[in-house]
Amino acid sequence: MGSVKLAEYLFTRLRQLGVGSVHGVPGDFNLTMLDHVEPAGLTWVGNANELNAAYAADGYARIKGLGAVVTTFGVGELSAINAIAGAYAEFAPVVHIVGTPARQVQETRTLVHHTLKDGEFGRFALMAKQVTVAQTRLWELALCAQQVDDVLAKCLFYCRPVYIELPVDMVDAEVSRDRLSVPITVPGPEAWPATDDVVAAIVAKMQAARRPIIYVDGESRPLRIVDAVQQLVSALHWPTFTSPFGKGLVDETQANVHGVYQGQWGQKAVHDFVRSADLVLCFGPHLSGTNTYMWTSIPQDGEMISFNLSGIKIGADHFRDVSSQLVLSRLLEQHLDKTSIKTYDPYPALPRYELLAASALAAPADDVIRQDKVWKVLANLIKPGDIVMGETGTPGFGVREMPMQKHCRVFTHVTWLSIGYMLPAAQGAALAQKELMAASRWHGGIERAKTVLFIGDGSFQMTAQEMSTMIRHNLDVVVVLINNDGYSIERFIHGRKQAYNDIARWRYLEAPSFFGAPRDTFTASARTWGELGAVLDSGKLTSGRGLAMLEVVMEREDAPPGQLQKVLQVQIAKEQQPTTARI
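Residues numbered from 1 in each chain as written. Predicted model: local features only at pLDDT ≥ 70, side-chain atom pairs only at ≥ 80, totals over all residues. Heavy atoms only, no water.

Student: Can you walk me through the sheet that holds strand β15 (residues 317–320) in this structure?
Tutor: By definition, the strands of a sheet pair up through backbone hydrogen bonds, in either a parallel or an antiparallel sense. Reading across the sheet, the seven strands line up as β11-β10-β9-β12-β13-β14-β15 and stay open at both edges, with mixed pairing between neighbours. Of all strands in the sheet, those bounded by a partner on one side alone are β11 (257–260) and β15. Adjacent strand axes in the sheet meet at a mean angle of 15 degrees, parallel and antiparallel pairs treated alike. Two strands pair when backbone bridges link them, and strand β9 (residues 212–216) and strand β12 (residues 279–283) are joined in this way by five bridges, in the parallel orientation. Bridge pairing links I213 to V280 in β12. Helix α8 (residues 194–208) rests against β12, β13 (303–308), β14 (311–314) and β15 of the sheet, and its axis sits at about 40 degrees to β14. (Pairing = 2+ DSSP bridges. Helix = DSSP H or I, 4+ residues; strand = E, 2+ residues; numbered from the N terminus. Axes fitted to C-alpha atoms, helices over the stretch in contact; angles between N-to-C directions. Contact = heavy atoms within 4.5 Å.)

Encoded structure:
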């Protein structure tokens, strides 16, 4: 029997759960807490600001399975809350730890700094409650260790953020060390009486189907069914599509995986085929408008079997609390008789994403780079095991067009759409990737991979400081900056010629040097197909370690094919309509 300080207990629990690094910013109410980060075996990242720190913890959590961010009371935590809300909306398990004033200060309603000068210390926790699945205040010493364990278990179970208040006078309070020898457990799936009936009903639907498809969405990750879904996709060989949130969760090198389904905004042949399906196996649906091309990519004409966080839906019947994990396991192990389940022969002629070499373009080398083809060219940067990130805007749409290699993970805008998220998230994701490779736990045993960030100039200006954190921690990140002179996605929505969609014109390639990168850091700019081809052919962008940066200059009103182009065309047509004067 022995004791351990409460802050050390908390950080040791995080390390036991797989966290290797803690993001955050120091502040006077968390400084003594931070003294316990490195002794617990964790790396202190140290970010440029709290918003970036929480974005980074989100990216880290989506790769590593759990992330943590430390802020100070009031000013720090409110700076981070936007990112915590995004983690809540898109299922990133982030532990937000807030250093708060001492209990005596709070109990006497002392008018200290970082407050609203009214003696109320609970306001910010009430705000956090709206965007976290569990909250706890470490106040009564006898309960603190149990509170830590409970809130961390809920973070893992729900795959969403939690909030922990640690007063400064509790940091060094002693709790029992013995609890650390008992692992934190997360409740696993249970077999209810309805489970066998659900499995039998699904098998019957699969056997009766004549034009079935598979649709993979992003909540497959918090459902913890990604590996099982991949096995099913490989075993059935049915045409498989993903949402933007689901991209990267299945192997796109398989012949039956056709990338992101874009509904009415995509290719007509694909849209018609999906609409003709008589059965859709839908895994982890996340049906926000921006993840479903304004709800047009939700397969709904055929019967749908949905594997949800709340249970399984077969048509209109909702079987609550039936575990998707268990049902998929039984389908794969006991009931998947391929001789009685539809196979496509011949396989339908459906398009797949293909790479395109710059040298193969039917365009003069001195032509300006256009978005209708550039994403298939830039996809040549992607190698197996890479993390690919497309910021909100034209890069997010462009990344959806890219064919992915094996074991790639993909981040694109889904629901929260906070511009600037991807750069700090790339720092967090790259750090998680580095830790997993160091432990020989990266996908497919890959020992060398990188994080590739595609980001617009407007988004880059939001959170550019976090490039310095990438450099300080020697992370392998390739930044491809799309310079199209402003907030292009906003121009497409409204204000095509308005000054409020303009931004300052930075010298972007000087950013690595300013933020402390080595003098030999590779940077390049491309304005024409010939220049882009020369950069890609040289291999320098991806062959080195650490940071590399490519600026791709494009026209202001150019966009990837599909939804954005059509929205822009509609807006231009409206602007060209004659106006009728009214008296």
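Student: Just to check I follow, could you spell out the packing of helix α1 (residues 6–16) against helix α7 (residues 141–158) for this structure?
Tutor: Helix-helix packing is described using two parameters, namely the angle between the two axes and the distance between the axes. Following both chains from N to C, one finds α1 and α7 inclined at 25 degrees, their axes separated by 10 Å at the closest point. With respect to their mutual orientation, α1 and α7 come out roughly parallel. At the point where α1 passes α7, the crossing takes the right-handed sense. Across the interface between the two elements, L6, Y9, L10, R13 and L14 of α1 pack against C144, A145, V148, D149 and L152 of α7. (Parallel < 35°, antiparallel > 145°, perpendicular 65-115°, else oblique. Left-handed = near helix turned anticlockwise from the far one by under 90°.)

Student: In this structure, what is going on with helix α11 (residues 268–275)? I would like to understand it.
Tutor: At 3.6 residues per turn, the α-helix brings residues three or four places apart onto the same side. Inspection of α11 places V270, H271, F273 and V274 among the buried residues, and these make up the whole buried set. Projection of α11 onto a plane perpendicular to its axis shows the buried side chains occupying an angular sector of 165 degrees, all on one side. (Buried < 20%, exposed > 50% of the residue type's maximum accessible area, 1.4 Å probe, protein only. Arc of directions from axis to C-beta.)

Student: Just checking my understanding: could you explain the side chain of D476 for this structure?
Tutor: For D476, the position within the fold is in the loop between α17 (467–472) and β19 (477–483). A distance of 2.6 Å separates a polar atom in the side chain of D476 from the backbone nitrogen of G546. In this structure, D476 is in contact with R448, A449, K450, T451, R545 and G546, ignoring residues within four places of it in sequence. (Polar contact = N/O pair within 3.5 Å; in protein donor to acceptor, adjacent residues only side chain to side chain.)

Student: Teacher, can you tell me more about unusual backbone geometry here?
Tutor: Glycine aside, the phi torsion of most residues is negative, and most peptide linkages are trans. Here the amide bond leading from D345 into P346 is cis, since omega sits at 5 degrees, within 30 degrees of zero. Position of P346 among the secondary structure elements: in the loop between α12 (324–335) and α13 (371–378). Despite not being glycine, D321 has its phi angle at roughly 70 degrees, a positive value. According to the relative accessible area criterion, D321 is exposed, its value standing at 57%.

Student: What exactly am I supposed to notice about the packing of α13 against helix α20 (residues 529–538) here?
Tutor: One can describe the packing of α13 onto α20 by two numbers: an axis separation of 12 Å at closest approach and a directional angle of 10 degrees. Judged by the inter-axis angle, α13 sits roughly parallel to α20. Between α13, through K373, V374, V377 and L378, and α20, the contact on the second element is made entirely by W529, L532 and L536.

Student: Could you clarify how one ought to interpret the domain arrangement of the chain in this entry?
Tutor: As a measure of interface size, the accessible area lost when the parts come together is often cited. Examined at the domain level, the chain breaks down into domain 1 (3–181), domain 2 (194–334) and domain 3 (360–571). On a C-alpha basis, the centroid separation for the pair domain 2 and domain 3 is 30 Å. Counting from both sides, the interface comprises 20 residues of domain 2 and, opposite them, 21 residues of domain 3. When domain 2 packs against domain 3, close to 1,600 Å² is buried across both sides, 53% of that on carbon and sulfur atoms. At the boundary of domain 2 with domain 3, the tally comes to one salt bridge. Ionic pairing is found between K406 and D251, a salt bridge with its closest N-O pair at 2.6 Å. (Domains from an automatic or database assignment. Buried area = accessible area lost by both parts, 1.4 Å probe. Salt bridge = Lys/Arg side-chain N within 4 Å of Asp/Glu carboxyl O.)

Student: Any chance you could explain the UniProt feature "domain: Thiamine pyrophosphate enzyme TPP-binding" (unreviewed entry) in the chain here in plain terms?
Tutor: As annotated in UniProt, the feature "domain: Thiamine pyrophosphate enzyme TPP-binding" (unreviewed entry) corresponds to residues 402–492 in the numbering used here. Structurally, residues 402–492 is divided into 38% helix and 19% strand, and its ends, taken at the C-alpha atoms, are 22 Å apart. (UniProt positions renumbered as here; feature names shortened; annotations may be inferred.)

Student: Explain the environment of L138 to me, please; I cannot follow it from the model alone.
Tutor: Mapped onto the secondary structure, L138 falls in the loop between β6 (134–137) and α7. Given the relative accessible area of 0%, L138 is considered buried. Not counting chain neighbours up to four residues away, the residues in contact with L138 comprise L6, C144, Q147, V148, I164, E165, L166, P167 and M170.

Student: Is there a simple way to explain the pattern of salt bridges in this structure?
Tutor: Side chains that differ in sign of charge can pair as their charged atoms come close. Per the stated rule, a full pass over the model turns up 19 salt bridges. Here R62 makes a salt bridge to D58, at a shortest N to O gap of 2.7 Å. One end of the pair is R62 and the other is D58, both in helix α3 (residues 50–64) and four residues apart, which spans about a single turn. By relative accessible area, R62 is classed as buried at 8%. Classification of D58 as buried rests on a relative accessible area of 1%. Close ionic contact of D272 with K268 constitutes a salt bridge, the shortest N to O distance being 2.6 Å. With D272 and K268 both in helix α11 and four residues apart, the pair spans about one turn of that helix. Taking relative accessible area as the criterion, D272 reaches 37% and is therefore assigned partly exposed. Owing to a relative accessible area of 61%, K268 belongs among the exposed residues under this scheme. Taken together, the shared-partner salt bridges in this structure form one network comprising R13, D149 and R179.

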